[in-house]
Amino acid sequence: MPTLIARPTVMPAAGNKPKRIEEFIGRVNSGHSNVSVAHMESPQGWVEPGQRPDFEEITVVLGGTLRVEYEGGTMDVRGGQAVVTKRGEWVRYSSPEPGGAEYVAICLPAFSMETVNRDEK
């Protein structure tokens, strides 16, 4: 029988401004360790610490612009676009433009604080 996920769990977020993270699938909300799926909304001017995660991250931007810094450059991912970051690749996400960004992040395996490997402050 299929499993209904009735509601997400709102998760704490890193960064300089409040950001909403709703985990639908993952270690906390559904007990999945192999994949996580989270809906996120970040305000204009939000920036999180850089990270070198031990998971692949697929991000689908639903609206606004998500900036992705990586070793060697920066790219802006706009509504209707997606970006894939590889396991072990350094990245830093931000939403610099008016309106912020709304997006869905899928992590393989699931996101965890132990495997995100955020930069030291």
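This structure is a prediction, so every number in the text was calculated from the model and none was measured. Once a new chain begins, its residue numbering starts again from 1 and follows that chain's sequence as written. Thresholds applied to this predicted model are a pLDDT of at least 70 for local features of residues and 80 or more for the giving and counting of side-chain atom pairs; totals over whole chains, interfaces and linings are not thresholded and use all residues. To obtain the side-chain values, all non-hydrogen atoms of the structure were included, while hydrogens and water were left out.

**Here's the deal with the overall build of the chain**
To keep things clear, this is the line we draw: Helix and strand definitions here come from DSSP, where helices need a minimum of 4 consecutive H or I residues and strands a minimum of 2 consecutive E residues; each element is numbered from the N-terminal end. We call two residues contacting when some pair of their heavy atoms lies within 4.5 Å. Areas reported here follow the Shrake-Rupley algorithm with a probe of radius 1.4 Å; residue values treat only the protein chains shown as occluding.
Each helix and strand counted, the chain has 1 helix and 9 strands in total. Across the chain, helices and strands are ordered from the amino to the carboxyl terminus as β-β-β-β-β-β-β-β-β-α. Viewed in the frame of its principal axes, the chain has a C-alpha envelope of about 45 × 30 × 25 Å. Of all intrachain contacts in the chain linking residues separated by at least 6 positions in sequence, the fraction that spans at least 24 positions is 65%. For the chain, the exposed area adds up to about 6700 Å²; of that, 54% sits on carbon and sulfur atoms.

**Quick notes on the pattern of salt bridges**
The criterion, for reference: Each reported salt bridge corresponds to a side-chain nitrogen of Lys or Arg within 4 Å of a carboxyl oxygen of Asp or Glu. Exposure classes here rest on a 1.4 Å probe applied to the protein chains alone. A residue is buried below 20% of its type maximum, exposed above 50%, and partly exposed in between.
With the rule as written, the count across this model stands at 7 salt bridges. Where Glu22 meets Arg20, a salt bridge forms, and the shortest distance between an N and an O atom there is 3.0 Å. In this structure, Glu48 and Arg118 form a salt bridge, with 3.6 Å as the shortest nitrogen-oxygen distance. Here Arg118 lies in the segment after helix H1 (113–116) and Glu48 lies in the loop between strand S4 (46–47) and strand S5 (56–70), a separation of 70 residues in the sequence. Overall, the relative accessible area of 23% leaves Arg118 in the partly exposed class.

**Considerations on the side chain of Thr65**
How we decide: Under this definition, polar contacts are N or O atom pairs within 3.5 Å; protein pairs additionally need one hydrogen-donor-capable and one acceptor-capable atom, and for neighbouring residues in sequence, both atoms have to be side-chain atoms.
For Thr65, the position within the fold is in strand S5. Separated by 3.1 Å, the side chains of Thr65 and Glu97 make a polar contact. Thr65 has contacts with Asp76, Val77, Arg78, Ser94, Ser95, Pro96, Glu97, Gly100 and Ala101, leaving out every residue within four places of it along the chain.

**A look at the pairing of strand S3 (residues 36–42)**
Heads up, the rule is: Paired strands are those between which DSSP finds at least two bridges.
Of all the 7 residues making up S3, 5 are buried; the element is thus mostly covered by neighbouring parts of the structure. Taken together, the 5 bridges between strand S2 (residues 20–25) and S3 define a ladder with antiparallel strand orientation. When the sheet's bridge partners are listed, Glu22 is paired in S3 with His39. Bridge analysis of S3 against strand S9 (residues 101–108) gives 7 bridges, and the strand direction is antiparallel.

**Some remarks on unusual backbone geometry**
Note that the residue after Leu108, namely Pro109, is joined by a cis bond; omega there is -10°. In this fold, Pro109 is placed in the loop between S9 and H1. Here the phi dihedral of Asn117 falls at roughly 55°; this positive angle occurs in a residue that is not glycine. With respect to the helices, strands and loops of the structure, Asn117 is situated in the segment after H1.

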